Amino acid sequence: ALAARRAVLRQRTALGAAFTALEVVQLGRPRGGDDAIARACLAEVELGALADRRYPSLSGGEQQRVQLARVLAQLAGRTRAALLLDEPGAALDLRQQQLVARIARRSAALGHAVVIVAHDPGFVARCADRVAVLRAGRVLADGAPGAVLTAGVLSRAFDLAVDVERTASGAVVVRDRS
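About the criteria used
Residues numbered from 1 in each chain as written. Predicted model: local features only at pLDDT ≥ 70, side-chain atom pairs only at ≥ 80, totals over all residues. Heavy atoms only, no water. Helix = DSSP H or I, 4+ residues; strand = E, 2+ residues; numbered from the N terminus. Rg over C-alpha atoms; globule rule 2.2 N^0.38 Å. Buried < 20%, exposed > 50% of the residue type's maximum accessible area, 1.4 Å probe, protein only. Contact = heavy atoms within 4.5 Å. Lys, Arg positive; Asp, Glu negative; His and termini not counted. Charge placed at Lys NZ, Arg CZ, Asp CG, Glu CD. Pairing = 2+ DSSP bridges. Axes fitted to C-alpha atoms, helices over the stretch in contact; angles between N-to-C directions. Salt bridge = Lys/Arg side-chain N within 4 Å of Asp/Glu carboxyl O. Polar contact = N/O pair within 3.5 Å; in protein donor to acceptor, adjacent residues only side chain to side chain. Parallel < 35°, antiparallel > 145°, perpendicular 65-115°, else oblique. Nonpolar A, V, L, I, M, F, W, Y, C, P; charged D, E, K, R; others polar. Expected span 1.5 Å × (residues − 1).

Chemist: Could you clarify how one ought to interpret the overall build of the protein in this entry?
Modeler: Assigned secondary structure in the protein consists of 8 helices and 7 strands. Expected size for 178 residues packed as a compact globule is a radius of gyration near 16 Å; at 17 Å, the protein falls within 12% of this value. Dimensions of the protein along its principal axes, counting C-alpha atoms only, are 50 × 35 × 30 Å. Considering the protein as a whole, with its 178 residues, one finds that 40% of them fall into the buried category. Long-range pairs, those at least 24 residues apart, make up 54% of the contacts in the protein with a sequence separation of at least 6. Measuring between centres, the 25 positive side-chain charges of the protein sit 6 Å from its 17 negative side-chain charges.

Chemist: Hey, could you run me through the pairing of strand β2 (residues 82-86) in this one?
Modeler: As a general feature of sheets, a regular strand has side chains that alternate between the two faces. With 4 bridges connecting them, strand β1 (residues 6-9) and β2 associate as parallel partners. Paired with Val-8 across the strands is Leu-84, a residue of β2. The sheet contact formed by β2 and strand β3 (residues 113-117) spans 5 bridges and is parallel. If you follow Leu-85 over to β3, its bridge partner there is Ile-116.

Chemist: Would you mind showing me how to read the sheet that holds β2 here?
Modeler: Picture the strands of a sheet paired through backbone hydrogen bonds; they go either parallel or antiparallel. In space, the 3 strands of this open sheet follow the order β1-β2-β3, with parallel pairing throughout. Here the strands that pair on one side only, and so sit at the sheet edges, are β1 and β3. Strand-to-strand twist in this sheet, taken as the mean axis angle between neighbours without regard to direction, amounts to 10 degrees.

Chemist: Help me out: how do you make sense of the side chain of Arg-70 in this one?
Modeler: Relative to the elements of secondary structure, Arg-70 occurs in helix α4 (residues 60-75). Asp-86 provides the closest opposite charge to the buried, unpaired Arg-70, separated from it by 11 Å. Looking at Arg-70, its side chain comes within polar contact range of the side chain of Gln-67, at 2.6 Å. Beyond its immediate chain neighbours, meaning those up to four positions away, Arg-70 contacts Val-8, Val-24, Val-25, Leu-27 and Gly-28.

Chemist: Even after reading the chapter, I still don't get the environment of Ala-91, so can you show me in this structure?
Modeler: Within the secondary structure, Ala-91 sits in the loop between β2 and α5 (94-109). Taking the C-alpha atoms as reference points, Ala-91 and Gln-64, separated by 27 residues in sequence, lie 7.5 Å from one another.

Chemist: Looking at this structure, I do not really get the pattern of salt bridges. What am I missing?
Modeler: Where charged atoms from two side chains of opposite charge come close, those side chains can pair. Considering all chains together, one arrives at 9 salt bridges under this definition. As a salt-bridge pair, Arg-177 and Asp-163 come within 2.9 Å of each other at their nearest N and O atoms. Linking Arg-177 in the segment after β7 (172-176) with Asp-163 in strand β6 (residues 162-166), this pair joins segments that are 14 residues apart in sequence. Assessed through its relative accessible area of 46%, Arg-177 is described here as partly exposed.

Chemist: How do you make sense of the packing of α4 against α5 when you look at a structure like this?
Modeler: Geometry of a packed helix pair, given as the angle between the helix axes and the separation of the axes. Viewed as axis vectors pointing N to C, α4 and α5 meet at an angle of 10 degrees, and their least axial separation amounts to 12 Å. Judged on the interaxial angle alone, α5 and α4 are roughly parallel. Where α4 approaches α5, its residues Arg-65, Leu-68 and Leu-72 are matched on the opposing element by Gln-96, Leu-99, Val-100, Ile-103 and Ser-107. Looking at the contact of α4 with α5 residue by residue, the class counts come to 5 nonpolar, 2 polar and 1 charged.

Chemist: How should I be thinking about α4 in this particular structure?
Modeler: An α-helical turn contains 3.6 residues, so a residue and the one three or four places further along point in the same direction. Across its 16 residues, α4 extends 23 Å between first and last C-alpha, which sits within 8% of the 22 Å expected from 1.5 Å per residue. With respect to burial, α4 is a largely interior element, 15 of its 16 residues being buried.

Spelled out as structure tokens, the structure:
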């Protein structure tokens with residue numbers, strides 16, 4: 001019952017067995033199988049061509065996207081579920097991070113609650129409508145990304161003097177002042 005209401009993408013998922021990418025995604029289906037949904041989810045993360053590759057042979061970024069496809073398959077056809085993503089941009093290049101941000105926004109538009117834990121303020125700014133910045137388990141600030149992802153807040157959060165710039169496209173760039 002819980003799997004029907006929430007899907008979790010962990011920062012790292014170790015698999016001992018040599019499943020194919022498609023088989024890993026099928027693990028997200030409540031009753032297994034469902035080849036068409038699993039293939040569609042692999043295509044959504046731009047890995048459709050790797051469906052038959054063994055999971056351990058994939059790069060770290062490819063494995064992360066297979067796991068994202070698995071949680072998407074888990075929520076396929078459902079509404080008002082929770083999508084919990086722990087460092088979904090880890091091991092991904094900038095283009096793939098953009099892909100994850102689009103998927104997160106699309107999931108929210110479908111009615112899912114999307115919660116992302118991330119350390120990269122630029123990635124957070126691309127994904128979030130609301131941000132909570134934490135330090136030592138306490139909320140330093142929360143609100144709209146533009147109001148929260150500031151030099152003052154991020155300097156306190158990371159215990160590091162930083163400058164924050166916003167590009168014309170709205171991207172957030174954080175630079176160490178040292």
